[in-house]
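Reading the structure
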Amino acid sequence: MKNEIFNQRESFNFLQPFLVDPIDYSVLEAEFNGDYVEVLKSKSGAIYKQTPSFLQLMVKKDFAEMHYGKENHRKWELLQSEAEKSYKVREKGHFSVDSYTPSIRFGEVLSDFSPKFCLDVGCGKLKKPVYMKASKSTQFVGIDPMDIVTERSFPFVRAAAGFLPFKAKSFDCVMFPSSLDHVINPKRALEEAHRILKKGGTLLIVETIRTGVSGFDSWRRKAAFCPLKVSRFNKHHNWAFNEKLLIGCVKDSGFEVKSFNMIHESSEGLVIAGKI
């Protein structure tokens, strides 16, 4: 299915076989209001009210605070608020725009894999990010926690990386295109990616590598994955990575790292890993 635009109902129709409650992974049932999904209910009794513009399966704030800790969640909310403001006023400067060379190079790598079914974690607001454009045979699905109404050329769900609303072993590929440093807990997000990947599936991560960057070492002494302690690296990123930290996080989440390379001599590094 290669629609030019997926509206809310079309996204649901396509994704229905894969959607689950993001907390307990139970089956979802839909209630409709005309042409759009009004409510999604799980077998466990959870209710997710929908918007006509897009599907949304965000866990409730009180649950997220209980899971991550109130202070960690508060810091993430502040970053998300700033990210939404940034996306609403400009596209230039974001990873997925047509003019950004590392994103174009990532798209070339992605097309070499030619996955059939690929989840983009943190897809942003563009109709079709540039890195998707070379992969003509891939069906992409996008998630992002930002509450922004926009047109997309792929099925979309408003959801968070730490609680993915998809059945286990659903995807051939999961990618984090410069988005892992925005999540609350990178290890949790990667464990969720591992859960929804099929055996032999591919994980692709593009991240800015902060080796030698001023402030990285002092920030690293304050931040921690376990127990979780979010200490924002800068205005736009909760986390920062050097090669060792990024590869270690991927391995600790159950993946086999196949390669790490810098993209186009920029500050962006690419990790290719697999679910074994």
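Residues numbered from 1 in each chain as written. Predicted model: local features only at pLDDT ≥ 70, side-chain atom pairs only at ≥ 80, totals over all residues. Heavy atoms only, no water.

We now examine helix 5 (residues 186-196). Most of helix 5 sits out of view: nine of its eleven residues are buried. If you check which residues of helix 5 are buried, you get P186, R188, A189, L190, E192, A193, H194, R195 and I196. Buried residues along helix 5 sit against helix 2 (61-68), strand 5 (117-121), strand 8 (171-177), strand 9 (197-208) and helix 7 (243-252). The backbone nitrogen of K187 has a side-chain oxygen 3.1 Å away, supplied by the residue at the start of helix 5, namely N185. (Buried < 20%, exposed > 50% of the residue type's maximum accessible area, 1.4 Å probe, protein only. Helix = DSSP H or I, 4+ residues; strand = E, 2+ residues; numbered from the N terminus. Contact = heavy atoms within 4.5 Å. Polar contact = N/O pair within 3.5 Å; in protein donor to acceptor, adjacent residues only side chain to side chain.)

In this section: unusual backbone geometry. Cis geometry marks the peptide bond from C226 to P227, where omega comes out at -10 degrees. Positionally, P227 belongs in the loop between helix 6 (216-220) and helix 7. For Y25, which is not a glycine, the phi torsion comes out positive at approximately 65 degrees. For Y25, a relative accessible area of 32% puts it in the partly exposed group. Of note, S114 is a non-glycine position whose phi angle comes to about 45 degrees, a positive value. With respect to the helices, strands and loops of the structure, S114 is situated in the loop between helix 4 (101-113) and strand 5.

Let us now look at the pairing of strand 10 (residues 256-262). Relative to strand 11 (residues 268-274), strand 10 runs antiparallel, the two sharing six bridges. What sits directly across from E256, in strand 11, is G274. (Pairing = 2+ DSSP bridges.)

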